[in-house]
Amino acid sequence: LTRRTSEGTEGLSLGVWSGSLLGDLNFSKFMTRPLYIGGPMHTDVEQPLEMLHAYPECPGSQRLTPDGLTLLNDWHKACDWIEEGPGS
């Protein structure tokens, strides 16, 4: 679960590792990261790619657990953070 309000609940479904890395799909960023089959259970978003990661200091990240597991749905912010910001 990523968010629960009086209006409903949102979650992220991570089914199974696809066997591919993002680099296998010609991504130029995060190339060594595994790609899992699953994702957000909604389709009405501008950027349907959501990233589950352990960098709560990345701008725009939503902390899910006290130990730093976070969610981010802005690919450009993540790329900027690893190229130009403290994550570089």
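Residues numbered from 1 in each chain as written. Predicted model: local features only at pLDDT ≥ 70, side-chain atom pairs only at ≥ 80, totals over all residues. Heavy atoms only, no water.

A. Region of the structure containing the overall build of the chain. Secondary structure assignment for the chain yields 1 helix and 7 strands. When its helices and strands are written in sequence order, the chain yields β-β-β-β-β-β-β-α. When burial is assessed residue by residue, the chain has 19% of its 88 residues classed as buried. Carbon and sulfur atoms make up 52% of the accessible area of the chain, which amounts to about 6300 Å² in all. (Helix = DSSP H or I, 4+ residues; strand = E, 2+ residues; numbered from the N terminus. Buried < 20%, exposed > 50% of the residue type's maximum accessible area, 1.4 Å probe, protein only. Areas by Shrake-Rupley, 256 points an atom, 1.4 Å probe, with all protein chains shown as cover.)

B. Up close: the packing of aromatic side chains. This model, assessed by the stated rule, comprises 1 aromatic pair. Judged by centre distance (5.8 Å) and plane angle (50°), the ring pair of Y55 and W81 falls under tilted. With Y55 in the loop between β5 (51-53) and β6 (62-63) and W81 in helix α1 (residues 75-83), this residue pair connects regions lying 26 residues apart in the sequence. For Y55, a relative accessible area of 40% translates into the label partly exposed. Among the residues examined, W81 registers a relative accessible area of 11% and is labelled buried. (Phe/Tyr/Trp six-rings, centres within 6.5 Å; stacked < 30°, edge-to-face > 60°.)

C. Just the environment of A54, in detail. Along the chain, the position of A54 falls in the loop between β5 and β6. What A54 contacts, discounting residues up to four positions off in sequence, is G68 and T70. (Contact = heavy atoms within 4.5 Å.)

D. Local environment of unusual backbone geometry. Look at N26: it is not a glycine, yet its phi comes out positive at around 70°. Looking at the secondary structure, you find N26 in the loop between β3 (12-21) and β4 (34-40). What makes N26 exposed here is its relative accessible area of 72%. We note that F30 has phi near 55°; this positive angle belongs to a residue other than glycine.

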